[in-house]
Amino acid sequence: MDLLLIAGVGSVGFAVLAGLATAAFRPSAGLIVIAFLHLGVLCNYPHYAATYSLVVKERREKPQVFTALILASLVMIGVVLFGAVRPDLVLRPLVTLYLCWSAHHYAAQHFGVASMYAHRRGAPLTGTSRSLAQLAFLLVGVFLMLVIVDDSQAFQVADDARSIPLEILPGVGYPVALCVGVVAIGSFGASDYLSRRQRGRGLDPMVWVLFGTNVAWFIVPRLRLPGATAPWTGDLAIWLPFAIPFFHCTQYLAVCGWRERAKTEVRPVFWFMGLVGVGLLLFEGVARALPHVTPLDENGAFILVPAALNVHHFWVDGRIWKRPKAPAPAALPQTT
């Protein structure tokens, strides 16, 4: 189950089946999108609430993270209110930030899960090998960022011009992204080589699987055939921007659920029902209320609120899972 759900093998298997189904019956692509939009209520929304639940429950152990949650919430409320009044100034930059940060967030999660499994399985990532592996995972995220700022139309949301990311590197981002992708794969290979030299064994198989999932999610679908200006998948994978967040969120919920149960007694059904309720309130409740109290229209509200909540989540989540700094070594006693 860990391999299929958390390591992402299930998502790759789904992509193969969905691709075949879409090729055989094109309208199925739209049906898959609709399915993921509904699944988002049961999976994507709760994944944000799980972050806030962890921060609140661990507020005594990590008061600085709880403080970060409060401050980030105040800032994001201000962003939402300002965006509701001046969407022309806020929506496109905010969506661009949200999509680019998503690439880093997803890749960093893959590395974090890979590190967790490597440690549990007695082959922890250490030293230069660890640094090279981390660089490899994160550079895959950089690849996707560069594609986003090059091919903005590939990520258009709700057919609304306000949701199109800023075209920062049109025509340039993709060639640079290819170079970054090559460096990422080379860095991972170097990490495995160093691990074999230092410990007599390469990286743990789960680390390989998670890096492969990282590449399969972000690099493979965005590659372009020679001379083409759009990804090779074309309209066969219009469900991709909806599928990847779903699998990312299931991965996150599984890890958060383990952390919750390891710390306190939790009834999974009630815990999950609570997360669904909070998620619905944040996404659907706020987005539907804004047009009634601000000049923003409903379509704009459903662009503004998810982008703002995602940026808020990325910031707070980074505080939760950040590794504590190792204590400085004690000074050796001086001898006379």
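Residues numbered from 1 in each chain as written. Predicted model: local features only at pLDDT ≥ 70, side-chain atom pairs only at ≥ 80, totals over all residues. Heavy atoms only, no water.

## Considering the state of the cysteines
- Tallying each qualifying case throughout the model produces zero disulfides.
- Cys43 takes part in no disulfide bond, and the closest cysteine sulfur, belonging to Cys249, lies 5.4 Å away.
- Its sulfur unpaired, Cys179 is 18 Å from the next cysteine sulfur, which belongs to Cys100. (Disulfide = S-S within 2.5 Å.)

## What to know about the side chain of His248
- In this structure, His248 sits in helix 10 (residues 240–263).
- We classify His248 as buried; its relative accessible area is 1%. (Helix = DSSP H or I, 4+ residues; strand = E, 2+ residues; numbered from the N terminus. Buried < 20%, exposed > 50% of the residue type's maximum accessible area, 1.4 Å probe, protein only.)

## Describing the nonpolar core
- Counting residues in each nonpolar core, the largest one holds 89 residues, and the members touching the most others are Phe137, Trp239, Leu290 and Leu304.
- Broken down by element, this core gets its largest block of residues, 14 residues, from helix 6 (residues 87–120).
- Beyond its immediate stretch of four places on either side in the chain, Leu304 contacts Val80, Gly83, Ala84, Val90, Leu91, Leu94, Leu290 and Leu296. (Core = buried A, V, L, I, M, F, W, Y, C linked by side-chain atoms within 4.5 Å. Contact = heavy atoms within 4.5 Å.)

## Quick look at the pattern of salt bridges
- Throughout the structure, instances matching the rule amount to seven salt bridges.
- Between Asp88 and Arg86 there is a salt bridge, with its nearest N and O atoms 2.8 Å apart.
- Given a relative accessible area of 53%, Asp88 falls into the exposed group.
- The shortest N-O distance in the salt bridge between Asp192 and Arg196 comes to 2.9 Å. Of this pair, Asp192 and Arg196 both sit in helix 8 (residues 173–199), four residues apart, which is roughly one turn of that helix.
- Using a relative accessible area of 48% as the deciding quantity, one classes Arg196 as partly exposed. (Salt bridge = Lys/Arg side-chain N within 4 Å of Asp/Glu carboxyl O.)

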